[in-house]
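Inside the fold
One letter stands for each residue in the lines below.
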Amino acid sequence: MENNPILSSLLGEVKGAIIHGYADVTVKNIILDSRKVLPGSLFVALRGTQVDGHQFITTAADLGAVAILCEELPEHVREDITYIQVEDSAAAMGHIAAAFYGHPSKKVKLVGVTGTNGKTSVATFLFQLFRALGYRSGLLSTVQNQIEDEVIPSTHTTPDAVALNALLAQMAARNCSHVFMEVSSHSVAQHRITGLHFAGGIFTNITHDHLDFHKTFDNYIKAKKGFFDALPKSAFALVNIDDRRGTVMVQNTKARVETYSLQTLATFKGKIISDTLAGMHMDINSQEVWFRVIGRFNAYNLLAVYGAAVLLGEKEEAVLTELSNLKSPPGRFEQFHSADLIVGIVDYAHTPDALENVLETITHLRNGNEQVVTVVGCGGNRDAEKRPKMAEIACRYSNRVILTSDNPRFEDPMDILDQMRKGVPPLDYKKTTVIEDRHEAILKAGLEAQPGDIILIAGKGHENYQDVKGVKHHFDDKEVLMEVFAKRAGN
Ligand SMILES: CC(=O)N[C@H]1[C@@H](OP(=O)(O)OP(=O)(O)OC[C@H]2O[C@@H](n3ccc(=O)[nH]c3=O)[C@H](O)[C@@H]2O)O[C@H](CO)[C@@H](O)[C@@H]1O[C@H](C)C(=O)N[C@@H](C)C(=O)N[C@H](CCC(=O)O)C(=O)O
Ligand SMILES: Nc1ncnc2c1ncn2[C@@H]1O[C@H](COP(=O)(O)OP(=O)(O)OP(=O)(O)O)[C@@H](O)[C@H]1O
Ligand SMILES: N[C@H](CCC[C@H](N)C(=O)O)C(=O)O
Ligand SMILES: [Mg+2]
C-alpha cells in the first residue's frame, strides 16, 4: 500500500470494538500468523482449529506489531501497543481487511458461487464467458486465481480475508469489471468473506462433504446459508431449486431470489435434448443450444452460468453463443482418447455425489458393450464417512474398480483403503482390486482395457501432487494416462 491507513479508519464496520490505547496508529499490514509479523503490523489473534492465536500475542508484540485484534486481552498489556478487543476476531478481521484494501469488492461486480460440487466449474465458466464477452475479469478458484491472462497459484478454494481482499484490490487496480469466486463452506464459517460486497450469489447443490470440519450436516447447511443471509438487497441469489435445500438456502436472504431447474418451472429452465461424448444439446428458456461441455451435472452448471450472466445484464443470445464454445476447466470431466479408442476421463470427483453424477453421466454416454473401469481413492485427514460410500458407488456403476491412494496426508494409506473396502458389496468383491500405488493402479486399468472401454480416474482432477506426510510428491493423473496410451501404442 502506498499510503498506510490509520487504525481508527479501518474500524467503521466493526461492531462493539473496545479500543485500548492509541487509535490513530498507522498500520502497515494485517498478519494472521505471528511468525510473519513485521514492525508496523496489525496482528489478528484467531481461535483456530489447532491452536488459539491469542497465545502468540506476546511474540507478535516482540516482533514489532503496533496493534493487536483479539477477543481477550493478554495478561500483560503493553503501553506501546493498541489492542482492539472484539467479540469475534475473524468477523472483525473481514471488515478490517476490506477497509485496509479500500473495499475492492465494491469496485467490481463480484459473484460468489457456493455448493458442495460445481463451484470451480461455474466460476471458471463465468470467467471464461465474461472474457469472451469482452470484459476484463478475475477468477478466484481451487485450481487457480487469475487476473485476465495472469495466473496466480491458489492455496485455498477461498483465501483468508487478507489475501482475498489483496487479490480483489489487484483485480480492481487492473480495471477488472467482473470477478467470479468460489465461496467454500469453510470460508463462510471462518468469516473469510465477511465485509465483501457481492453483486450476486449462486447455489449449486449440497451433499455430503467436510463433516470432519463442520461436524454435522446441519452446521454444513448453515454455513452455506450464511452466505445468502449476508447478501445485500441489491444482489441476486440464484439457486438450483432441484436441490432439496435450494429453498432453505435463500429463505432469509435480502437479495432478489431467482431460480434454475432441469425439472420444474424456474426463472431459467433447461432441458437436455441429447448428451453424447461429442457434445450436449439443450433447450434453455425455449432456445436451443449445443455445448461442447457434456454431462447432466454440467447442464446444471451451464444453466447457473447462463442465469447469472443474464442477471448481470447480458443479452441472452450473446451469452448462449459464447457459452456453446466453452471447454471444461482442467480436471473436470477432461476426456482423452488413445489411438486404439480407449476413452480416459480425468475428473475431480472427490465426494460421493460427484462420483455418482460422473458415473451416471458415463453410463448414459455408453453405446453398448464397453466396460467402465473406475480408479478412485479418498483423501487422508478428511471426512472419513465418504470412504465406504464412494467405493460402493464406484462398484455400482463400473465393470471393474481399482481402489487406490489419493493424498493420504498423515494417515496410513492402507487404513483409508480398508475403510473404502468396507463399502464394497460382497457380490462385487471379484471386480474390485486394491492397489495402493496410484501410478500402478492407473497403469493396470489402462493396459488391461479393450478398445472402446472408458476409464474414469477420479478424485484428483487438476492436482499435480500426491500429499504424503506433508510432502507433495509430483503426481499427475493425466501424465500417467498419457504414459499408458503411449505404452499401448508400442512407444
Ligand atoms: C481447517 C482450516 O480451515 N484451517 C485454516 C485455518 O487454520 P487453523 O484454524 O487450523 O489454524 P491454527 O493452526 O489452529 O492456528 C490458529 C491461528 O494461530 C496462528 N498461529 C499459529 C501458529 C503460530 O506459531 N503463530 C500463529 O500466529 C495461525 O496463523 C492461525 O491464524 O485458517 C488458516 C488461515 O486462514 C488456513 O490457512 C487454514 O487452512 C488449512 C491450510 C486448510 O487445509 N484448509 C482447508 C480445509 C480449507 O480451508 N478448505 C476450504 C474448502 C475446500 C473445499 O470446499 O473443497 C478452502 O476454502 O480451501
Ligand atoms: N453441478 C454439479 N453437481 C454435481 N457434481 C458436479 C457438478 N459440477 C461438477 N461436478 C462434479 O464434481 C467435481 C468437482 O467439481 P468442481 O471442481 O466444479 O466442484 P467444487 O465445488 O469447486 O469442488 P471443491 O469443493 O473441491 O472446490 C467435478 O469433477 C465433477 O465430478
Ligand atoms: N478441497 C477438497 C479437495 C479434495 C481433493 C482430494 N484429492 C483429496 O485430497 O481429498 C478438500 O480439501 O477436501
Ligand atoms: Mg472448487
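- As recorded in an unreviewed UniProt entry, the protein chain goes by UDP-N-acetylmuramoyl-L-alanyl-D-glutamate--2,6-diaminopimelate ligase and comes from Dyadobacter fermentans.

Observations regarding the overall build of the protein chain
- A count of helices and strands for the protein chain gives 15 helices and 24 strands.
- Relative to the globule expectation of 23 Å for 491 residues, the C-alpha radius of gyration of the protein chain, 24 Å, shows essentially globular dimensions.
- Summarising its shape, the C-alpha atoms of the protein chain cover approximately 75 × 50 × 40 Å along the three principal directions.
- With 491 residues in all, the protein chain has 50% of them scored as buried.
- Considering only intrachain contacts with a sequence separation of at least 6, the fraction spanning at least 24 residues in the protein chain is 66%.

Observations regarding the site of ligand 2
- Looking at ligand 2, there are 23 residues lining it, with Gly118, Lys119, Thr120, Ser121 and Ala354 nearest.
- At the level of secondary structure, the elements contributing two or more residues to the shell around ligand 2 comprise helix H3 (119-132), helix H9 (296-311) and helix H11 (352-365).
- Broken down by element, the shell around ligand 2 gets its largest block of residues, 4 residues, from H11.
- Class assignment of the residues belonging to the shell around ligand 2 gives a composition of 6 nonpolar, 12 polar and 5 charged.
- Inspection of the shell around ligand 2 shows a minimum of three residues originating in each of domain 2 (104-323) and domain 3 (334-488).

Some remarks on the sheet that holds strand S4 (residues 67-70)
- The mixed open sheet is built from 5 strands, whose spatial order is S1-S5-S4-S3-S2. Taken across any chain shown, the strands that pair with only one partner, and hence form the sheet edges, are strand S1 (18-20) and strand S2 (29-31). Strand-to-strand twist across the sheet, computed as the mean angle between neighbouring axes with direction ignored, equals 20 degrees.
- As paired strands, strand S3 (residues 41-44) and S4 are joined by 3 bridges and run parallel to one another. Note that in S4 the partner of valine 44 across the bridge is leucine 69.

Overview of the sheet that holds strand S19 (residues 372-376)
- Read from one edge of the open sheet, 6 strands run S17-S18-S22-S19-S20-S21, paired in mixed fashion. For this open sheet the edge positions go to strand S17 (334-337) and strand S21 (432-434), each flanked by a neighbour on one side alone. Averaged over neighbouring strand pairs, the angle between their axes works out to 15 degrees when direction is ignored.
- Pairing of S19 with strand S20 (residues 400-403) involves 4 bridges; the strand directions are parallel.

Considerations on the domain arrangement of the protein chain
- Assigned domains within the protein chain: domain 1 (7-89), domain 2 (104-323) and domain 3 (334-488).
- Computed from C-alpha atoms alone, the centre-to-centre distance between domain 1 and domain 3 is 46 Å.

Some details on unusual backbone geometry
- At asparagine 381, a residue that is not glycine, the phi angle is positive and equals roughly 50 degrees.
- Structurally, asparagine 381 can be placed in the loop between S19 and helix H12 (386-397).
- With 13 C-beta atoms counted inside 10 Å, the residue asparagine 381 sits in the partly exposed group.
- Despite not being glycine, asparagine 407 shows a phi value in the positive range, around 45 degrees.
- Positionally, asparagine 407 belongs in the loop between S20 and helix H13 (413-421).
- Assessed through the 24 C-beta atoms surrounding it within 10 Å, asparagine 407 is described here as buried.

Structural notes on the site of ligand 1
- The environment of ligand 1 is formed by 19 residues, the closest being Gly48, Gln50, Gly53, His156 and Ser184.
- Here the residues of the shell around ligand 1 are counted per class, giving 5 nonpolar, 11 polar and 3 charged.
- Composition of the shell around ligand 1 by domain shows at least three residues from each of domain 1 (7-89) and domain 2 (104-323).

Examining the nonpolar core
- By size, the foremost hydrophobic cluster in this structure holds 143 residues, and its most contacted members are Ile68, Leu69, Leu126 and Val305.
- With 11 residues, H9 is the largest single contributor of residues to this core.
- Dropping the residues within four chain positions of it, leucine 69 is found in contact with Leu42, Val44, Ala45, Ile84, Val86, Ser89, Ala92, Met93 and Ile96.

Rules used throughout
Residues numbered from 1 in each chain as written. Chains lettered and ligands numbered in written order. Predicted model: local features only at pLDDT ≥ 70, side-chain atom pairs only at ≥ 80, totals over all residues. Helix = DSSP H or I, 4+ residues; strand = E, 2+ residues; numbered from the N terminus. Rg over C-alpha atoms; globule rule 2.2 N^0.38 Å. Buried ≥ 20, exposed ≤ 12 C-beta atoms within 10 Å, placed from the backbone. Contact = placed C-beta atoms within 7 Å. Near = placed C-beta within 6 Å. Nonpolar A, V, L, I, M, F, W, Y, C, P; charged D, E, K, R; others polar. Domains from an automatic or database assignment. Pairing = 2+ DSSP bridges. Axes fitted to C-alpha atoms, helices over the stretch in contact; angles between N-to-C directions. Core = buried A, V, L, I, M, F, W, Y, C linked by C-beta atoms within 7 Å.

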